[in-house]
Amino acid sequence: MALKSFLMIFTSLTIVTFTSISTSTYALPFVVFHGISDKCSNEGVTQFTELLSMWSGSQGYCIEIGNGAWDSWFMPFLKQTAIACEKVKKMSELREGYNIIGLSQGTMVGRGILEFCDGGPPVRNLISLAGPHAGIASIPFCGSTLVCILVDFLLELAVYSNFVQEHLAPANYIKIPIDIDDYGKGCKFLPKLNNEIHRNSTYKKRFTSLQNLVLVMFEKDEILVPRETSWFGYYPDGSWSPVLPAQETTLYTEDWIGLKALDEAGKVNFIKASGSHLEITYSEMKEYILPYLVENGQLRIIPDSYHVWPFSGFKEATIKLYTSN
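Here the structure is a predicted model, which is why all the values come from computation and not from measurement.

1. As for the overall build of the protein chain
Across its full length, the protein chain holds 13 helices and 8 strands. Here the protein chain holds 325 residues, and the buried ones make up 51% of them. A sequence separation of at least 24 residues applies to 75% of the contacts in the protein chain between residues at least 6 apart. Summed over its atoms, the accessible surface of the protein chain is roughly 14,700 Å², and 55% of this surface lies on carbon and sulfur atoms.

2. Section: the pattern of salt bridges
Between side chains of opposite charge, a pair can form when the charged atoms approach closely. The full count for this structure, using the stated rule, is 6 salt bridges. Between Glu 115 and Arg 111 there is a salt bridge; the shortest N-O distance is 3.1 Å. Placement of the pair is Glu 115 and Arg 111 together in helix α5 (residues 106–116), with a separation of 4 residues, close to one helical turn. Residues Glu 115 and Arg 111 agree in their burial class; the two are buried.

3. Considerations on the sheet that holds strand β6 (residues 268–273)
With parallel pairing, 6 strands are arranged side by side in an open sheet as β2-β1-β3-β4-β5-β6. Only two strands of the sheet have a single neighbouring strand rather than two, namely β2 (60–62) and β6. Shown here is a sheet whose adjacent strand axes are inclined to one another by a mean of 15°, direction ignored. Bridge count between strand β1 (residues 30–33) and strand β3 (residues 98–103): 4 bridges; the pairing is parallel. Bridge pairing links Phe 30 to Asn 99 in β3. Packing of helix α2 (residues 43–56) onto the sheet brings it into contact with β1, β2, β3 and β4 (123–129), and relative to β1 it is tilted by some 165°.

4. What about the packing of aromatic side chains?
A complete count under the given rule lists 11 aromatic pairs for this structure. Centroid distance Phe 116 to Phe 189: 6.0 Å. Interplanar angle 85°. Geometry classified as edge-to-face. Placement of Phe 116 in helix α5 and of Phe 189 in the loop between α8 (180–186) and α9 (190–193) is noted, with a sequence separation of 73 residues between them. As far as the burial class goes, Phe 116 and Phe 189 line up, both buried.

5. Thoughts on helix α4 (residues 77–90)
The α-helix advances 3.6 residues per turn, and as a result positions three or four apart in sequence lie on the same side. With 14 residues, α4 should cover 20 Å at 1.5 Å per step; its first-to-last C-alpha distance of 20 Å lies within 8% of that length. When α4 is considered as a whole, its buried residues turn out to be Phe 77, Gln 80, Thr 81, Ala 84, Cys 85 and Val 88. On an axial view of α4, the arc spanned by its buried residues comes to 135°, and they lie on one face. Looking at the buried residues of α4, the elements they touch are β1, α3 (69–74), β3 and α5.

6. Examining α2
The terminal C-alpha atoms of α2 lie 20 Å apart, and with 14 residues this matches the ideal 20 Å at 1.5 Å per residue to within 8%. Along α2, the residues classified as buried are Gly 44, Val 45, Phe 48, Thr 49, Leu 51, Leu 52, Ser 53, Trp 55 and Ser 56. Packed against the buried residues of α2 are β1, β2, β3, β4, α13 (282–288) and β8 (318–320). Within two residues after α2, Gly 57 carries a phi angle of roughly 75°, on the positive side.

7. A closer look at the pairing of β1
Every second residue of β1 is oriented toward a common face, with Phe 30 and Val 32 on one face and Val 31 and Phe 33 on the other, all of them buried. In this sheet, β2 lies alongside β1 in parallel orientation, the contact comprising 3 bridges. The residue bridging Val 32 from the neighbouring strand is Cys 62, located in β2. Between β1 and its parallel partner β2, the chain crosses via α2, and the hand of that crossover is right-handed.

8. Looking at the side chain of Ser 104
Of note, Ser 104 is situated in the loop between β3 and α5. A polar contact is formed between the side chain of Ser 104 and the backbone oxygen of Ala 130, at a distance of 3.5 Å. Those residues in contact with Ser 104 that sit more than four places away from it in its chain are Leu 129, Ala 130, Gly 131, Pro 132, Leu 224, His 277 and Leu 278.

9. Structural notes on the packing of α4 against α5
Viewed as axis vectors pointing N to C, α4 and α5 meet at an angle of 65°, and their least axial separation amounts to 9 Å. Taken together, α4 and α5 sit at an angle that is classed as roughly perpendicular. For the pair α4 and α5, the sense of crossing is right-handed. Residues Phe 77, Leu 78, Gln 80, Thr 81, Ala 84, Cys 85 and Val 88 of α4 pack against Met 108, Val 109, Gly 112, Ile 113 and Phe 116 of α5. Tallied by class, residues from the contact of α4 with α5 come to 9 nonpolar, 3 polar and no charged.

10. Concerning unusual backbone geometry
Glycine aside, residues mostly have negative phi, and peptide bonds are mostly found in the trans state. At the junction of Val 225 and Pro 226, the peptide bond is cis and its omega measures out at 0° in the coordinates. Topologically, Pro 226 is positioned in the loop between β5 (212–218) and α11 (250–253). Between Ser 241 and Pro 242 the backbone carries a cis peptide bond, its omega angle lying at -10°. Here Pro 242 lies in the loop between β5 and α11. Phi is positive for Ser 104, which is not a glycine, with a value near 55°. Ser 104 gets classed as buried once you look at its relative accessible area, which sits at 7%.

Analysis parameters
- Residues numbered from 1 in each chain as written.
- Predicted model: local features only at pLDDT ≥ 70, side-chain atom pairs only at ≥ 80, totals over all residues.
- Heavy atoms only, no water.
- Helix = DSSP H or I, 4+ residues; strand = E, 2+ residues; numbered from the N terminus.
- Buried < 20%, exposed > 50% of the residue type's maximum accessible area, 1.4 Å probe, protein only.
- Contact = heavy atoms within 4.5 Å.
- Areas by Shrake-Rupley, 256 points an atom, 1.4 Å probe, with all protein chains shown as cover.
- Salt bridge = Lys/Arg side-chain N within 4 Å of Asp/Glu carboxyl O.
- Pairing = 2+ DSSP bridges.
- Axes fitted to C-alpha atoms, helices over the stretch in contact; angles between N-to-C directions.
- Phe/Tyr/Trp six-rings, centres within 6.5 Å; stacked < 30°, edge-to-face > 60°.
- Expected span 1.5 Å × (residues − 1).
- Arc of directions from axis to C-beta.
- Right-handed = clockwise from strand over helix to strand, strands pointing away.
- Polar contact = N/O pair within 3.5 Å; in protein donor to acceptor, adjacent residues only side chain to side chain.
- Parallel < 35°, antiparallel > 145°, perpendicular 65-115°, else oblique.
- Left-handed = near helix turned anticlockwise from the far one by under 90°.
- Nonpolar A, V, L, I, M, F, W, Y, C, P; charged D, E, K, R; others polar.

Next up, the structure:
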């Protein structure tokens with residue numbers, strides 16, 4: 001009983017102590033781009049954005065493109081990027097610079113803004129959670145809804161055909177390793193984003209202007225094939241094996257977009273999260289994301305009801321940022 005009373009008193013004093021601490025600091029605003037099948041109003045994305053805003057003292061915005069879930073499947077990525085570009089340019093709050101957090105497919109929108117958006121506000125940090133940077137070899141799990149029936153129909157028409165590329169968003173970053181010729185000729189977005197066909201020095205310059213590139217891979221991810229694409233790892237051209245680490249890909253060794261330059265400058269952070277696709281704990285959010293949302297590495301210590309205190313006996317809370325149809 002004495003030990004139990006001591007632990008209760010210790011925990012209470014710890015909470016009171018942290019409640020009284022607040023470090024004032026300036027933080028740039030950040031924007032969030034959600035993943036496929038999701039939308040900004042969904043609980044997971046809303047909670048994720050609000051928590052990071054509260055912890056960092058930075059204003060966070062989830063930017064919606066079109067009607068959210070539907071257009072995340074069927075609006076081509078060059079159009080998604082163009083819409084997002086115009087939205088960030090109209091936000092006066094971002095004028096002095098901002099950070100981007102991309103959730104899976106949303107990272108493709110974030111990188112599209114970074115590389116393609118002429119006249120947009122400067123992007124300081126790009127934080128990618130399960131981003132399919134080097135492509136994916138299969139469509140993410142869908143299900144049996146009307147959306148998925150349409151997806152299956154489109155895939156039967158050939159993934160690199162003009163019609164499918166214009167009407168199925170994930171097709172814009174599908175990279176079949178044994179069909180590289182058709183990929184290079186037909187894929188409308190990823191080859192441009194990764195400077196694979198025509199080397200655009202402006203895209204590379206903008207990419208290497210980042211202060212930090214944070215690449216989070218989820219160890220139990222079964223949605224991205226391969227999961228190492230979150231770190232720019234991928235299959236070699238012409239083969240399904242092995243999965244090459246980023247540093248052994250041609251994109252890296254020839255430095256098509258500046259990934260090697262950023263890495264050698266110590267600005268790329270390769271991080272493993274413990275969960276499944278886009279399932280992240282609060283402590284992982286605080287450790288892997290929060291430090292990049294504040295200036296000069298100063299964190300605001302803010303009490304919240306989600307913190308797991310020592311000896312509480314509760315399982316740490318997790319946010320699921322992936323919604324399947």
